[in-house]
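The primary structure of each chain is shown beneath.
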Amino acid sequence: MKIVDYANKPSQYFNNPRRDIVSLMPKGAKKVLEIGCGTGVTLAHLKEEGLAQEVHGMEWVKLDQAHPGVDQWLWGDAVRALERLEDGAYDAILCLDFLEHLADPWSFLEAVKSKLSPSGCLIASLPNLRRVKVLWNLAVRGRFDYAEEGIMDRTHLRFFTRKSALELMNSGGLEVDTWRYSPFDSGSKGQILNALTLGLFRDFFTIQYLIRSVPRK
């Protein structure tokens with residue numbers, strides 16, 4: 001992935017706070033790091049809600065809209081930036097829409113794990129390749145077309161289903177503590193189809209999986 005591809009993404013790619021992960025946050029988190037945090041709006045939201053005392057943001061390119069509520073910024077390649085951080089320093093590390101952009105997310109999780117406190121956790125969101133729209137395009141139309149954003153984002157290097165996403169988050173010295181489907185937008189086609197099929201085929205309508213892992217005992 002080229003930096004220019006990432007920097008030229010639409011502004012909404014960086015500016016939307018991820019309220020869907022709030023329920024996964026540990027109570028009493030003192031220091032939280034988000035890797036691939038965009039403008040830092042999710043971190044600022046967590047701090048405003050009292051879910052983190054200190055928030056650090058890590059992003060590949062420096063964005064003009066970087067949120068002033070973020071206590072510390074780290075710019076550049078995440079693997080190298082992570083090496084400069086203190087081991088055991090964070091009560092929560094967020095990788096939201098990030099791991100799929102890495103060539104080797106498995107090795108990266110090993111490095112992330114060393115930065116977690118003993119009671120810390122990693123919270124990730126991973127896109128679902130098994131979604132019906134992707135399957136239809138592949139199986140019926142014979143298409144595997146990339147897009148500017150979404151599941152088929154052209155900067156994605158890795159793709160996951162629920163099973164492989166959980167396997168990833170069970171690697172690198174981590175084990176899955178809890179996971180859930182990403183919520184549907186109210187009135188969305190996915191929500192309607194899921195209701196009509198009584199939730200039996202939710203994997204086919206889900207956009208992402210939200211997964212929390214903790215250091216393996």
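The structure we're discussing is the one just above.
No experiment lies behind these values; they were computed from the predicted model shown.

## Overview of the sheet that holds strand β1 (residues 31-35)
In step 1: On the basis of which strands lie adjacent, the open sheet formed by seven strands has the order β3-β2-β1-β4-β5-β7-β6 and mixed pairing. Looking at strand neighbours, the two that pair on one side only are β3 (72-75) and β6 (174-181), the edges of this open sheet. Within the sheet, the average angular offset between the axes of one strand and its neighbour, ignoring direction, is 20°.
In step 2: Sheet contacts for helix α3 (residues 41-48): β1, β2 (54-59) and β4 (90-96); angle to β2, the most-contacted strand, approximately 175°.

## Side note on the side chain of T206
In step 1: Here T206 is to be found in the loop between α8 (189-196) and β7 (208-215).
In step 2: On the basis of relative accessible area, T206 is assigned to the buried category, the value being 1%.
In step 3: Polar side-chain contacts of T206 include one of 2.9 Å to the backbone oxygen of R202.
In step 4: Setting aside residues up to four positions removed in sequence, T206 forms contacts with N128, R131, Y181 and S182.

## Brief notes about the packing of aromatic side chains
In step 1: Applying the stated rule across the entire model yields nine aromatic pairs.
In step 2: Centroid distance W179 to Y181: 5.1 Å. Interplanar angle 75°. Geometry classified as edge-to-face.
In step 3: In this structure W179 comes out as partly exposed when scored by relative accessible area, which is 29%.
In step 4: Y181 sits in the partly exposed class, given a relative accessible area of 24%.
In step 5: Consider the rings of W179 and Y209, whose centres lie 6.1 Å apart with planes at 70°: the pair is edge-to-face. Residue W179 is located in strand β6, and its partner Y209 is located in strand β7; the two are separated by 30 residues in the primary sequence.
In step 6: Taking the relative accessible area as the measure of exposure, Y209 reaches 1% and is therefore buried.
In step 7: Taken together, F144, Y146 and F159 form an aromatic cluster joined through their ring pairs.
In step 8: The lysine or arginine in question, K31, covers the ring of Y90, its NZ or CZ lying 5.9 Å from the ring centre.

## Some words on the pattern of salt bridges
In step 1: The full count for this structure, using the stated rule, is 10 salt bridges.
In step 2: As a salt-bridge pair, R154 and E148 come within 3.0 Å of each other at their nearest N and O atoms.
In step 3: Two residues, D177 and R212, come together in a salt bridge whose shortest N-O distance is 2.3 Å. Taken together, the positions of D177 in strand β6 and R212 in strand β7 put the pair 35 residues apart, joining distant regions of the chain.

## Observations regarding the environment of V214
In step 1: Assignment of secondary structure puts V214 in strand β7.
In step 2: Between the alpha carbons of V214 and M25 there is a distance of 12 Å; along the sequence they are 189 residues apart.
In step 3: Leaving out residues up to four positions away in the same chain, V214 has contacts with G120, C121, G173, L174, E175 and D177.

About the thresholds
- Residues numbered from 1 in each chain as written.
- Predicted model: local features only at pLDDT ≥ 70, side-chain atom pairs only at ≥ 80, totals over all residues.
- Heavy atoms only, no water.
- Pairing = 2+ DSSP bridges.
- Helix = DSSP H or I, 4+ residues; strand = E, 2+ residues; numbered from the N terminus.
- Axes fitted to C-alpha atoms, helices over the stretch in contact; angles between N-to-C directions.
- Contact = heavy atoms within 4.5 Å.
- Buried < 20%, exposed > 50% of the residue type's maximum accessible area, 1.4 Å probe, protein only.
- Polar contact = N/O pair within 3.5 Å; in protein donor to acceptor, adjacent residues only side chain to side chain.
- Phe/Tyr/Trp six-rings, centres within 6.5 Å; stacked < 30°, edge-to-face > 60°.
- Lys NZ or Arg CZ within 6 Å of the ring centre and 35° of its normal.
- Salt bridge = Lys/Arg side-chain N within 4 Å of Asp/Glu carboxyl O.

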